[in-house]
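Per-entry structural report
Next come the chains, spelled out residue by residue.
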Amino acid sequence: MNKARPGLPWIPMARMTGRRLLFAVPVLLAVTFAVFAVADASPFDPVKAYAGTAGLTASQENLDQLRANLGVDQPLAVRWWEWVTGALTGDLGHSAVMRQPVADVIAERIGWSVLLAALAFVTAVLVGTTLGVLAARRRGSLVDRAVTSLAYTLEAAPTFWLGLLAVWLFALQLGWLPAGGLTDTGSTTVTAGQLTTHVILPAAVLAASQLPWFALYVRQGVGDALDEDPVRGARARGLAEHTVLLGHALRSGLLPVLTLIGSRVPELITGALLVETVFSWPGIAAATVQAATAVDFPLLAATTVLATAAVLLGNLVADLLYGLADPRVGFDG
């Protein structure tokens, strides 16, 4: 039988990954077609958005020529298929709003978006897990009530409101951190010092938008684990409280949190759209907003594909981690 040995579940993991990759192909095709269809139905004219103020005085002949140059005079299905076939060869088209190839736009911006999202996600996981464990140890205590109140408050607060509040408090009132951008005013070179100070506020705001879910899930999972018989038995054997918490309750209580890694990716991307806009962060999310407002078909399709791929990858990673952490789940489901 072609069965992976216990402790080496690489074959089932490879099968799950292969199935997900095959599933991703029609999903990505459907998403890109939906983007083109929605943009095509939009009342905004990409030609006028590209021409700007010059389009107000341009003749209809010039506008029609510009429409042909941009390729928006062709039927929806033709535009979509040409974009798909071009993307397979690495040609993602030309961005009208950025006035450069879409591949260049993504290459210049994706690193900043990954940096921001990674810092925010790691911070949310670490801080949320710590707060959740503190609340679970003494459920009903002042610490528990404070943690849950903070979590529900942050969960209800809009991300853009948190961003504006952070700018007002830490940048305008206290003057501790810059209000936005990647570099200081007048600087053309990105230095490590400038990058560190400029990324703190947007990363903290994005992390705050994700933190409540981890804190509440960890609190519930660890709290339930502390009431289980194996943990009570460990306490009865005289094991230290930190050993019981870290070696038994935390490991069992964190299993449900692994599913959040995948489920929070869409919210992370949505939050990044708002955070990058508020803080003028030069990432992919900010480019997506510009592409949507300007009805930039190629750029909008490319950024949407990246977001969809990130969601699918997040779900896959979450399922793989859950399968590794709990062998009872397996990878064949």
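Anything mentioned here points back to the structure above.
So, here is what we can say about the structure in this document. It should be emphasised that the depicted structure is a prediction, and the values quoted were computed from it without experimental measurement. (Residues numbered from 1 in each chain as written. Predicted model: local features only at pLDDT ≥ 70, side-chain atom pairs only at ≥ 80, totals over all residues. Heavy atoms only, no water.)

With respect to the packing of helix α5 (residues 102–137) against helix α6 (residues 142–156)
Contact pair α5 / α6: the axes reach a minimum separation of 8 Å and the direction vectors enclose 140°. In terms of axis orientation, α5 runs oblique to α6. When you trace α5 past α6, the crossing you get is left-handed. Only V143, D144, V147 and L150 of α6 make contact with α5, whose side of the interface consists of L131, L134 and A135. Residues of the contact of α5 with α6, tallied by class, amount to six nonpolar, no polar and one charged. (Axes fitted to C-alpha atoms, helices over the stretch in contact; angles between N-to-C directions. Helix = DSSP H or I, 4+ residues; strand = E, 2+ residues; numbered from the N terminus. Parallel < 35°, antiparallel > 145°, perpendicular 65-115°, else oblique. Left-handed = near helix turned anticlockwise from the far one by under 90°. Contact = heavy atoms within 4.5 Å. Nonpolar A, V, L, I, M, F, W, Y, C, P; charged D, E, K, R; others polar.)

Side note on a nonpolar patch on the surface
A cluster of nonpolar residues, F160, W161, L164, L165, W168, L169, L172, L174, W176 and L274, forms a patch on the protein surface that exposes about 1,000 Å² of accessible area. Looking at the nonpolar patch element by element, the count peaks at seven residues for helix α7 (residues 159–173). Tracing the backbone through its elements, the reader meets W176 in the loop between α7 and α8 (192–226). Residue W176 is classed as exposed on the basis of its relative accessible area, which comes to 61%. (Patch = residues over 30% accessible without salt bridge, like charges linked within 9 Å, V, L, I, M, F, W, Y side chains within 5 Å. Areas by Shrake-Rupley, 256 points an atom, 1.4 Å probe, with all protein chains shown as cover. Salt bridge = Lys/Arg side-chain N within 4 Å of Asp/Glu carboxyl O. Buried < 20%, exposed > 50% of the residue type's maximum accessible area, 1.4 Å probe, protein only.)

What to know about the side chain of T288
Here T288 is to be found in helix α13 (residues 284–293). In this structure T288 comes out as buried when scored by relative accessible area, which is 17%. Excluding residues that lie within four positions of it along the chain, T288 makes contacts with L273, L300 and T303.

Re the pattern of salt bridges
Pairing of side chains with opposite charge becomes possible as their charged atoms draw close. Enumeration according to the criterion identifies one salt bridge in this entry. Between D144 and R219 there is a salt bridge, with the nearest N and O atoms lying 2.6 Å from each other. Here the residue D144 occupies a position in helix α6, and R219 occupies one in helix α8, the gap between them amounting to 75 residues. The residues D144 and R219 share a single accessibility class, namely buried.

Points about the packing of helix α12 (residues 265–278) against α13
Remark: α12 packs on α13, axes separated minimally by 8 Å, with the N-to-C direction vectors making an angle of 90°. With respect to their mutual orientation, α12 and α13 come out roughly perpendicular. Across from A272, L273, E276 and T277 in α12, the residues of α13 making contact are I284, A285, A286, T288 and V289. Class assignment for the residues of the contact of α12 with α13 results in six nonpolar, two polar and one charged.

A look at the environment of M13
With respect to the helices and strands, M13 occurs in helix α1 (residues 10–41). The class for M13 is buried, based on a relative accessible area of 12%. Residues M13 and L320, 307 residues apart in the sequence, show an inter-C-alpha distance of 6.9 Å.

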